[in-house]
Amino acid sequence: DHARLAVSTLLLALLMQRMQDVKGTRSVFLNFFRVAVIENGERDCACSAKVLQAYALFEMKQGHSIKSLELVRRAVQMD
């Protein structure tokens, strides 16, 4: 179930951020999209949009504003 995976992803990403593990946090988000979107084809899942929004916020905090904007645009299309 992607909704459960999304919740677990968000919690793990938050933990990794608090541990200041930037690469680990990014990996958590990318793994979610590999499983939910690429392997299972769930392109318009609302839970994927929420995870994408969190990923965009993370990238904005890392100083990657263009990447963040791109992620938010994709999230809006999904939601």
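Everything below is about the structure shown above.
Here the structure is a predicted model, which is why all the values come from computation and not from measurement.

> How would you summarise helix α3 (residues 46-61) if you had to cite specific residues and measurements?
Helix length check: α3 (16 residues) gives 23 Å between terminal C-alpha atoms against 22 Å at 1.5 Å per residue, within 8%. Within α3 the residues assigned to the buried category are C47, S48, A49, V51, L52, Y55, A56, F58 and E59. Buried residues in α3 make contact with α1 (2-18), α2 (22-39) and α4 (65-78).

> An account of the environment of F29 is requested, with residue identities and associated values reported.
With respect to the secondary-structure elements, F29 resides in helix α2. For F29, a relative accessible area of 1% puts it in the buried group. Considering only alpha carbons, one finds F29 and L10, 19 residues apart in sequence, at a separation of 8.2 Å. Those residues in contact with F29 that lie beyond four places of it in its chain are T9, L10, A13, V51, A54, Y55 and F58.

Rules used in this analysis
Residues numbered from 1 in each chain as written. Predicted model: local features only at pLDDT ≥ 70, side-chain atom pairs only at ≥ 80, totals over all residues. Heavy atoms only, no water. Helix = DSSP H or I, 4+ residues; strand = E, 2+ residues; numbered from the N terminus. Expected span 1.5 Å × (residues − 1). Buried < 20%, exposed > 50% of the residue type's maximum accessible area, 1.4 Å probe, protein only. Contact = heavy atoms within 4.5 Å.

Note that every value here comes from positions in space, so none of it alone points to a role or purpose.
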